[in-house]
Amino acid sequence: MNTLELSIIESFELMHKHLQRFATQLLQEKPRCWLPCSTTPHQDLATLYTDIWYQDGHDGRETRSQWGLVGCSDELLSLALQTNQQKISFKSAIQRYKTQAGELPGELLQKRSRILAEKLNRTGLARLHLKQCYRLLPILEGTPSQVGFSWYTSGRSIKKLTITQAEAMLLKLDISQPHVQIQLQSLGNLKPGELLAQLQPQVPVMRANAVWKRKAHTVRKARNCPLPILFPLSANQPFPEHNEPDINPPEKRQRMERRDLQINPDPFLPSLRIHRYN
């Protein structure tokens, strides 16, 4: 086992240890919290924060998420910050390995520890979910006055393409199909040098809008919340006001489409979700 592999093992075991320590402290304290649709919120919170494994039948491109609010003691917040540092260290170790070796260490982490192997067999979990390992525990530095939750359904990624790149993508399809031939012909009618945009809608995410009401002004901060948000809360402080959004995201886009969009909303190459710029 080389030095890079040992670095991954050590950083993973430290991260795993800090996650377990954080979860143990959470279960001991049982802090005030809000977790939608949960009858055992503290146990469910511990499970959410320590969830770093693929589950059978789960799409590896997705991460499991749940929003909520957790008021923490100084000790619990300190453990959360330490855990995040270990998550960052683990991600750095993986990236160093990928840079040098060009691939992930495969079964390295599972083979290292008999305890972890037994855990996998006992729970029916398959392998490490790196995206869920990397995501940090969400922490607010101060106690918010209120938090508003809302679904964000308008996200999308945009990839710029040249005509040549778009043509190469079309040629990978079944060019005997009439609809592909029509798209190739449309592409050939464009002026050389025109750029195109391939759009990929992103899955809906829950956004939290935290508000701090000061004497002289109001501070607002928005963030995605794939995990319940941690924040300091002393015994004599009120729990922040919050709304209770629908569990499922809305089926339709909530924001109005702008009329001055740079990208034409009608797909130019429908098979590839490629659009022209206006």
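A quick note: this is a predicted structure, and the numbers were derived from the prediction, not measured. (Residues numbered from 1 in each chain as written. Predicted model: local features only at pLDDT ≥ 70, side-chain atom pairs only at ≥ 80, totals over all residues. Heavy atoms only, no water.)

Structural notes on the overall build of the protein chain
The number of helices and strands found in the protein chain is eight helices and ten strands. Within the span of the protein chain, comprising 278 residues, buried residues form 39% of the whole. When contacts within the protein chain are restricted to residue pairs at least 6 apart in sequence, long-range pairs at least 24 apart make up 78% of them. Only carbon and sulfur atoms are counted for the fraction: they give 49% of the accessible area of the protein chain, which is about 17000 Å². (Helix = DSSP H or I, 4+ residues; strand = E, 2+ residues; numbered from the N terminus. Buried < 20%, exposed > 50% of the residue type's maximum accessible area, 1.4 Å probe, protein only. Contact = heavy atoms within 4.5 Å. Areas by Shrake-Rupley, 256 points an atom, 1.4 Å probe, with all protein chains shown as cover.)

Re the pairing of strand S6 (residues 205–213)
Of the pairings in the sheet, the one linking strand S3 (residues 146–152) to S6 comprises seven bridges and is antiparallel in character. Considered in S6, the bridge of Gln146 is made with Val211. The pairing of S6 with strand S7 (residues 218–224) spans seven bridges and is classified as antiparallel. Residue pairing for S7: Asn209 is matched across the bridge by Ala222. (Pairing = 2+ DSSP bridges.)

Re the nonpolar core
Grouped together as the largest cluster of nonpolar side chains are 16 residues, with contacts concentrated most on Phe22, Tyr49, Leu137 and Leu230. Those elements that provide at least two residues to this core are helix H1 (3–29), helix H2 (41–49), strand S2 (69–72) and helix H3 (74–101). Residue contributions to this core peak at four residues, all from H3. With residues up to four places along the chain from it excluded, the contact list for Tyr49 reads Leu19, Phe22, Leu26, Val70, Leu137, Leu227, Pro228, Ile229 and Leu230. In terms of nonpolar packing, the next biggest core, distinct from the first, is built from 15 residues, Leu140, Val147, Met206 and Cys225 among them. (Core = buried A, V, L, I, M, F, W, Y, C linked by side-chain atoms within 4.5 Å.)

Quick word on the pairing of S2
Across the two faces of S2 the burial is the same, with Leu69 and Gly71 and Val70 and Cys72 all buried. The pairing of strand S1 (residues 33–34) with S2 spans two bridges and is antiparallel. Note on S2: the bridge partner recorded for Cys33 is Val70. Across four bridges, S2 lies against strand S8 (residues 229–232) in parallel orientation. In the sheet register, Val70 faces S8, and the bridge partner there is Leu230.

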